[in-house]
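Fold and geometry: a report
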Amino acid sequence: QVQLVESGGGLVQPGGSLRLSCVYGRSVSDIETMSWFRQAPGNKRELVASFTRDGSQNYLDSVKGRFAISRDTAKRTVSLQMNSLKPEDTGTYYCNIEGWYNSYWGQGTQVIVSS
């Protein structure tokens, strides 16, 4: 059963923008945090941005001012707007939702920032 579906990845030139979307199924409930992670080849998975129920947001230092996480409750979607992309932003991006009792992960969407 697919619970998270990601889209929006692709190839983009440095300085360009992408918007990643993660649609979560109706079975995903009691959401505490919604986050985007990324993993570059040979590196550990790192937290890029998170959005909590109380409205607080947290960002990886290297993406502050460039990335923005948002949520559309009606559409059951969490998005990541990525602007001024840099080659070091390259990697596979994963949507993550933490509920009270369960963790949910997307399959990942690849982002390549290159000339």
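Description of the structure in this document. (Residues numbered from 1 in each chain as written. Predicted model: local features only at pLDDT ≥ 70, side-chain atom pairs only at ≥ 80, totals over all residues. Heavy atoms only, no water.)

**Some remarks on the overall build of the protein**
Convention followed: Here a helix means four or more residues in a row that DSSP labels H or I, a strand means two or more in a row labelled E, and each is numbered from the N terminus. Put simply, the radius of gyration uses C-alpha atoms, and a globule should come to 2.2 Å times the residue count raised to 0.38. Three exposure classes are used, based on accessible area relative to the maximum for each residue type with a 1.4 Å probe and protein chains only: buried under 20%, partly exposed in between, and exposed over 50%. We get accessible surface area from the Shrake-Rupley algorithm with a probe of 1.4 Å; when it comes to residues, only the shown protein chains can shield them. In this tally Asp and Glu are treated as negative and Lys and Arg as positive; neither His nor the chain ends contributes. The atoms used to mark charge sites are NZ of Lys, CZ of Arg, CG of Asp and CD of Glu.
Tallying secondary structure elements over the protein gives zero helices and 11 strands in all. Starting at the N terminus and ending at the C terminus, the protein contains elements arranged as β-β-β-β-β-β-β-β-β-β-β. Relative to the 2.2 N^0.38 estimate, which gives 13 Å for 115 residues, the radius of gyration of the protein is 13 Å and therefore close to what a compact globule would have. The C-alpha extent of the protein, read off along each of the three principal axes, is 40 × 30 × 25 Å. Within the protein, the fraction of its 115 residues that count as buried is 37%. Carbon and sulfur atoms make up 47% of the accessible area of the protein, which totals about 6,400 Å². Side chains of the protein give 12 positive and 10 negative charges; the mean places of these two sets differ by 4 Å.

**Examining the side chain of Ser 35**
Note the cut-off: Contacts are residue-level and defined by heavy atoms, with any inter-residue pair within 4.5 Å sufficient.
Within the secondary structure, Ser 35 sits in strand β4 (residues 31-39). On the accessibility criterion, Ser 35 (5% relative accessible area) is buried. Among residues more than four places away in sequence, those in contact with Ser 35 are Leu 47, Ala 49, Ser 50, Ile 69, Tyr 94, Cys 95 and Asn 96.

**What to know about the environment of Phe 51**
Its location among the elements puts Phe 51 in strand β5 (residues 46-52). In the structure, Phe 51 is positioned 16 residues away from Ser 35 in sequence and 6.1 Å away in space, judged by C-alpha atoms. Ignoring any residue separated from it by four or fewer positions in sequence, one finds Phe 51 in contact with Glu 32, Thr 33, Met 34, Ser 56, Gln 57, Ile 69 and Arg 71.

**A closer look at the nonpolar core**
As a rule of thumb, nonpolar side chains are buried together in soluble globular proteins. Where we set the bar: To qualify as a nonpolar core, a set must consist of buried Ala, Val, Leu, Ile, Met, Phe, Trp, Tyr and Cys residues joined through side-chain atoms within 4.5 Å.
Grouped together as the largest cluster of nonpolar side chains are 26 residues, with contacts concentrated most on Trp 36, Phe 67, Leu 80, Met 82, Tyr 93 and Ile 97. Counting residues per element, the ones that place at least two in this core are β3 (18-24), β4, β5, β7 (67-72), β8 (77-82), β9 (91-99) and β11 (109-113). Sorting elements by how many residues they give to this core places β3 first, with four residues. Each residue touching Ile 97, except ones within four places of it in the same chain, is listed here: Leu 4, Tyr 24, Val 28, Ile 31, Thr 33, Met 34, Asn 102, Ser 103 and Tyr 104.

**Topic: the pairing of β5**
Defined as follows: The rule for pairing is simple: two strands pair if DSSP sees at least two bridges between them.
With five of seven residues buried, β5 is to be regarded as a mostly interior element. Taken together, the six bridges between β4 and β5 define a ladder with antiparallel strand orientation. In the strand pairing of β5, Trp 36 is matched with Ala 49. Sheet topology note: the β5/strand β6 (residues 57-59) ladder contains three bridges and is antiparallel. Looking across to β6, one finds that Ser 50 is bridged to Asn 58. Taking the residues between adjacent antiparallel strands as the criterion, β5 and β6 are bridged by four residues, where Gly 55 takes a positive phi near 95°.

**Here we look at the environment of Phe 67**
On the secondary structure map, Phe 67 appears in strand β7. The spacing of Phe 67 and Ser 84 is 17 residues in sequence and 8.5 Å in space, taken between C-alpha atoms.

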